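Residue-level structural notes
One letter stands for each residue in the lines below.
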Amino acid sequence: MADERDMREIYARTLLEAAETDDRICVLEADLMKATGTPVFADRFPERAFNVGVAEANLVGIACGLASMGKRPYAATFTAFAARKAYDQFFVSGNYSGLRVNLIGTDPGITAELNGGTHMCFEDVTMMRAVPELTIIEPCDRRSLEALVRESIDYDGSIYLRLQRKGGLSLYDEDETFRIGKGNVVRDGDDVTIIAVGMVLMEEALKAIEMLSAEGISAALIDMHTIKPLDGDLVEQYARKTGAIVSCENAQVMGGLGAAIAEHLSETVPTPLCRIGSRDQFGQVGDLDYLKGTYAMDAASIVAGAKSVIARRRG
Amino acid sequence: MNDLDGIAREIRKSTIDQIAHLGIGHIGGSMSIVEVLTVLYFKVMDVDPNNPQRADRDRFILSKGHAGPALYSTLAERGFFPRDWLHTLNKPGTNLPSHCDRQKTPGVDMTTGPLGQGLSLANGIALGMRLDKLDRYVYVVCGDGELQEGQNWEAAMSAAHFRLDNLIAFTDYNKMQIDGTTSDIMEMDDLVKRWQGFNWHVQRIDGHDVDAIETAIAAAKAANGKPSMIILDTIKGKGFSLADGEVGSHNMPISMDDAKVAIAALDVEDGN
């Protein structure tokens with residue numbers, strides 16, 4: 001039977017299961033507990049689930065205080081609020097202080113959909129990449145989400161987890177393994193490499209490689225679920241192999257995954273690159289399909305980008 | 001004379017000397033909190049200078065992190081690190097940076113600097129103590145100007161909501177901030193009513209009276225089911241004549257000669 005669970009259900013259940021044997025795990029919410037899916041955790045462990053109301057700075061501050069007591073806090077809110085409203089708290093009270101705090105940003109980029117431009121956060125990845133030593137993760141499917149959340153519990157460092165709450169993708173087989181900081185090769189190929197992060201762009205990238213294949217172009221596809229630290233070895237390996245790269249993210253390309261790849265390759269293996277993502281644009285209200293087209297985060301744009309980098313390589 | 005007064009005087013002298021060695025520092029807001037630090041570290045708190053990270057200790061957050069020098073002199077006096085560290089304040093590679101840093105200084109429980117973050121951290125610590133069933137307290141010193149930061153009032157709400165009666169906070173009410181008096185810049189009165197309105201147990205006392213501070217902490221501990229705020233009426237720059245009651249004392253240059261005069265004056269007071 002097809003797995004129809006929302007990503008948030010995987011997130012909450014994974015923490016819930018781990019918390020059965022790990023009393024350090026706490027969840028914190030700012031009036032979005034239902035949205036994040038953690039009521040199941042609160043039902044089972046009410047003493048370790050804190051809803052602080054609509055107060056994101058306090059949400060993160062309390063998480064940092066709990067971390068200093070040896071707890072493993074998972075504090076969640078929309079990406080827009082996690083990044084914009086609690087950045088200083090996460091930066092200083094958490095990361096600068098050497099405290100291990102997991103901050104979960106939900107509804108990333110265009111998945112804010114009908115909440116519109118005020119809630120549509122493309123800039124969080126850029127902002128969070130600037131926090132020294134911080135790890136940034138955005139899983140694209142159910143299995144990798146579960147594995148990466150499990151690994152986060154004993155991970156040595158703070159994590160910003162970008163989480164699309166609704167829907168889910170079942171991309172990987174049961175025997176696939178995941179490590180924070182190591183990209184997964186979804187499909188091998190010779191002519192161009194598509195490096196995608198997150199569910200929206202992974203789904204579009206999967207369509208794009210079929211469209212390219214129909215035109216005789218062999219595209220590799222990498223799931224770069226860890227945006228920082230970037231798996232530079234894998235990027236270099238495929239830059240050498242295919243000589244053409246397309247990065248795909250549901251975020252601002254300035255400072256995002258595409259920028260991270262550009263920075264890395266310009267210092268190692270300079271390679272033609274096309275960055276798919278929001279290009280210095282604000283968000284707007286709309287459904288996912290409309291927004292994919294508007295921000296060129298769709299398969300057609302990825303295909304066009306792939307052809308452009310191949311042409312530049314040959315040029 | 002109360003022993004604690006004598007210790008406070010030593011901490012005050014040491015703080016002046018510490019900042020004078022560097023030549024400039026946050027003397028005003030350091031001088032105003034000497035008595036509360038003295039009472040906490042020499043009378044009230046269960047801490048171990050030989051094991052600063054002991055898990056079941058009381059905890060302290062200097063939310064107004066710029067007053068680090070007063071805390072450093074207190075910790076040195078209490079034996080957390082050698083007194084000669086105090087002359088490294090803000091020098092390259094020091095363990096004593098301008099603002100408090102939990103990763104650098106033995107005995108500093110929390111990193112602070114950007115104002116308004118300490119009370120939220122204290123909420124988290126108090127909740128952590130509750131989860132661990134630790135019969136301990138977390139103490140916080142906030143500045144009065146600092147309370148203009150909105151995050152404090154988010155934390156005020158949650159502390160009352162979660163009934164954090166193991167959280168005891170102080171406001172260093174010296175009525176001055178960088179650009180002027182709090183009345184001129186952003187009126188803080190009535191602080192008692194404001195905290196009562198957030199459902200805290202509130203007291204207002206002379207912040208330079210060690211006995212009053214000790215008594216107020218005991219009363220705060222007895223206040224079941226509510227976090228406590230003890231508003232300390234203090235004088236910015238207290239005990240250092242060039243800074244005493246001066247708005248300009250927030251961050252001011254101090255020469256070694258100034259320090260010698262000030263320390264000598266405190267010694268005379270001591271002789272009385």
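Calculation rules
- Residues numbered from 1 in each chain as written.
- Chains lettered and ligands numbered in written order.
- Predicted model: local features only at pLDDT ≥ 70, side-chain atom pairs only at ≥ 80, totals over all residues.
- Heavy atoms only, no water.
- Helix = DSSP H or I, 4+ residues; strand = E, 2+ residues; numbered from the N terminus.
- Rg over C-alpha atoms; globule rule 2.2 N^0.38 Å.
- Buried < 20%, exposed > 50% of the residue type's maximum accessible area, 1.4 Å probe, protein only.
- Contact = heavy atoms within 4.5 Å.
- Areas by Shrake-Rupley, 256 points an atom, 1.4 Å probe, with all protein chains shown as cover.
- Lys, Arg positive; Asp, Glu negative; His and termini not counted.
- Charge placed at Lys NZ, Arg CZ, Asp CG, Glu CD.
- Salt bridge = Lys/Arg side-chain N within 4 Å of Asp/Glu carboxyl O.
- Patch = residues over 30% accessible without salt bridge, like charges linked within 9 Å, V, L, I, M, F, W, Y side chains within 5 Å.
- Phe/Tyr/Trp six-rings, centres within 6.5 Å; stacked < 30°, edge-to-face > 60°.
- Lys NZ or Arg CZ within 6 Å of the ring centre and 35° of its normal.
- Core = buried A, V, L, I, M, F, W, Y, C linked by side-chain atoms within 4.5 Å.
- Pairing = 2+ DSSP bridges.
- Axes fitted to C-alpha atoms, helices over the stretch in contact; angles between N-to-C directions.
- Polar contact = N/O pair within 3.5 Å; in protein donor to acceptor, adjacent residues only side chain to side chain.
- Left-handed = near helix turned anticlockwise from the far one by under 90°.
- Nonpolar A, V, L, I, M, F, W, Y, C, P; charged D, E, K, R; others polar.

1. As for the overall build of chain B
What chain B contains, in helices and strands, is 10 helices and 9 strands. Computed over its C-alpha atoms, the radius of gyration of chain B comes to 17 Å, within 12% of the 19 Å expected for a compact globule of 272 residues. Evaluated residue by residue, chain B yields a buried proportion of 58% over its 272 residues. Expressed as a percentage of contacts within chain B between residues at least 6 apart in sequence, the contacts between residues at least 24 apart total 75%. Accessible surface, chain B as shown: approximately 10,100 Å² in total, 49% of it carbon and sulfur. In chain B, 26 positive and 38 negative side-chain charges are present, and the distance between their average locations comes to 5 Å.

2. Digging into the pattern of salt bridges
Pairs may arise between side chains of opposite charge once their charged atoms sit close together. All names here are of chain A. The full count for this structure, using the stated rule, is 33 salt bridges over all chains. Among the ionic pairs, D124 bridges to R162, the shortest N-O distance being 2.8 Å. One end of the pair, D124, is in helix α7 (residues 124–129); the other, R162, is in strand β6 (residues 159–163), with 38 residues separating them in the sequence. Residue class for D124 comes out buried when judged on its relative accessible area of 0%. The salt bridge partner of R162 is E138, with a shortest N-O separation of 3.1 Å. Linking R162 in strand β6 with E138 in the loop between β5 (135–137) and α8 (142–153), this pair joins segments that are 24 residues apart in sequence. By relative accessible area, which is 0% here, R162 ends up buried.

3. Digging into a negative patch on the surface
Residues and elements named next belong to chain B. On the surface, D184, E187, D189 and D190 cluster together into a negatively charged patch. In this structure, D184 sits in helix α7 (residues 182–185). You can call D184 exposed: its relative accessible area is 64%.

4. As for the packing of aromatic side chains
The tally for this structure, following the rule as stated, stands at 13 aromatic pairs over all chains. Geometrically, the ring pair formed by B:Y137 and B:Y139 is tilted, given 6.2 Å between the ring centres and 35° between the ring planes. The residues B:Y137 and B:Y139 share a single accessibility class, namely buried. Grouping aromatic residues by their ring pairs yields a cluster made of B:W153, B:W195, B:F198 and B:W200. It is A:K85 that lies over the ring of A:F81; its NZ or CZ is 5.8 Å from the centre. Over the ring of B:Y173 we find B:K175; its NZ or CZ atom is 4.3 Å from the centre of that ring.

5. Quick look at the environment of A:V149
All names here are of chain A. With respect to the element layout, V149 can be found in helix α8. We classify V149 as buried; its relative accessible area is 2%. Each C-alpha atom, one on V149 and one on S218, is 32 Å from the other, the two residues being 69 residues apart in sequence. Once residues within four sequence positions are removed from consideration, V149 is found in contact with Y11, T14, L15, Y74 and L161.

6. Examining the nonpolar core
Counting residues in each nonpolar core, the largest one holds 81 residues, and the members touching the most others are A:L28, A:M128, B:L119, B:L167, B:W195 and B:W200. Once residues within four sequence positions are removed from consideration, A:L28 is found in contact with A:F50, A:L59, A:I62, A:A63, A:L66, A:P73, A:Y74, A:A75 and A:A76.

7. Regarding the sheet that holds strand β4 (residues 167–173) of chain B
Strand pairing in a sheet relies on backbone hydrogen bonds. The paired strands run either parallel or antiparallel. Residues and elements named next belong to chain B. Strand order across the open sheet formed by 5 strands is β2-β3-β4-β8-β7, with parallel pairing between neighbours. Looking at the sheet topology across the chains shown, the edges are occupied by β2 (59–62) and β7 (201–206). In this sheet, neighbouring strand axes are inclined to one another by 20° on average, regardless of whether the strands run parallel or antiparallel. Relative to strand β3 (residues 138–143), β2 runs parallel, the two sharing 4 bridges. Note that in β3 the partner of F60 across the bridge is Y139.

8. Points about the side chain of A:K228
Residues and elements named next belong to chain A. The residue K228 is located in strand β10 (residues 226–228) in this model. Among buried Asp, Glu, Lys and Arg side chains, K228 stands out as unpaired, with E133 the closest opposite charge at 8.8 Å. Here the side chain of K228 touches R129 through a polar contact of 2.9 Å, landing on its backbone oxygen. Here the side chain of K228 touches V131 through a polar contact of 2.7 Å, landing on its backbone oxygen. Sequence-distant contacts of K228, that is, excluding residues within four places in its chain, are made with M128, R129, V131, P132, E133, L134, T135 and I136.

9. Quick word on the packing of helix α3 (residues 34–44) of chain B against helix α9 (residues 210–222) of chain B
All names here are of chain B. Where α3 contacts α9, the axes come no closer than 9 Å and their chain directions differ by 65°. Viewed along their axes, α3 and α9 form a crossing whose handedness is right-handed. Across the interface between the two elements, E35, V36, V39, L40, K43 and V44 of α3 pack against V210, I213, E214, I217 and K221 of α9. When grouped by side-chain class, the residues that make up the contact of α3 with α9 number 7 nonpolar, no polar and 4 charged.

10. A word on the environment of A:T268
Within the secondary structure, A:T268 sits in the loop between α11 (257–266) and β12 (273–278). With 33 residues separating them along the chain, A:T268 and A:V235 place their C-alpha atoms 10.0 Å apart.

11. As for the sheet that holds strand β9 (residues 219–223) of chain A
Residues and elements named next belong to chain A. Read from one edge to the other, the open sheet built from 5 strands follows the order β7-β9-β8-β11-β12, with strand pairing classed as mixed. Each end of this open sheet is capped by a strand with a single partner; those strands are β7 (184–187) and β12. Averaged over all adjacent pairs, the angle separating strand axes in this sheet is 25°, with direction ignored. With 5 bridges connecting them, strand β8 (residues 192–196) and β9 associate as parallel partners. Within β9, the position partnered with T193 by the bridge is A220. Its contacts with the sheet put helix α10 (residues 232–242) on β7, β8, β9 and β11 (245–252), and the angle it makes with β8 is roughly 155°. Of the strands in this sheet, β8, β11 and β12 touch α11, which is tilted by about 140° from β11.

12. Details of unusual backbone geometry
In this chain, A:K228 is followed by A:P229 through a cis amide linkage whose omega measures -5°. Secondary-structure assignment places A:P229 in the loop between β10 and α10. Cis peptide bonds are those with omega within 30 degrees of zero, and the linkage from B:D189 to B:D190 qualifies with 0°. Of note, B:D190 is situated in the loop between α7 and α8 (191–197). For A:E113, which is not glycine, the phi torsion reads 40° and is therefore positive.

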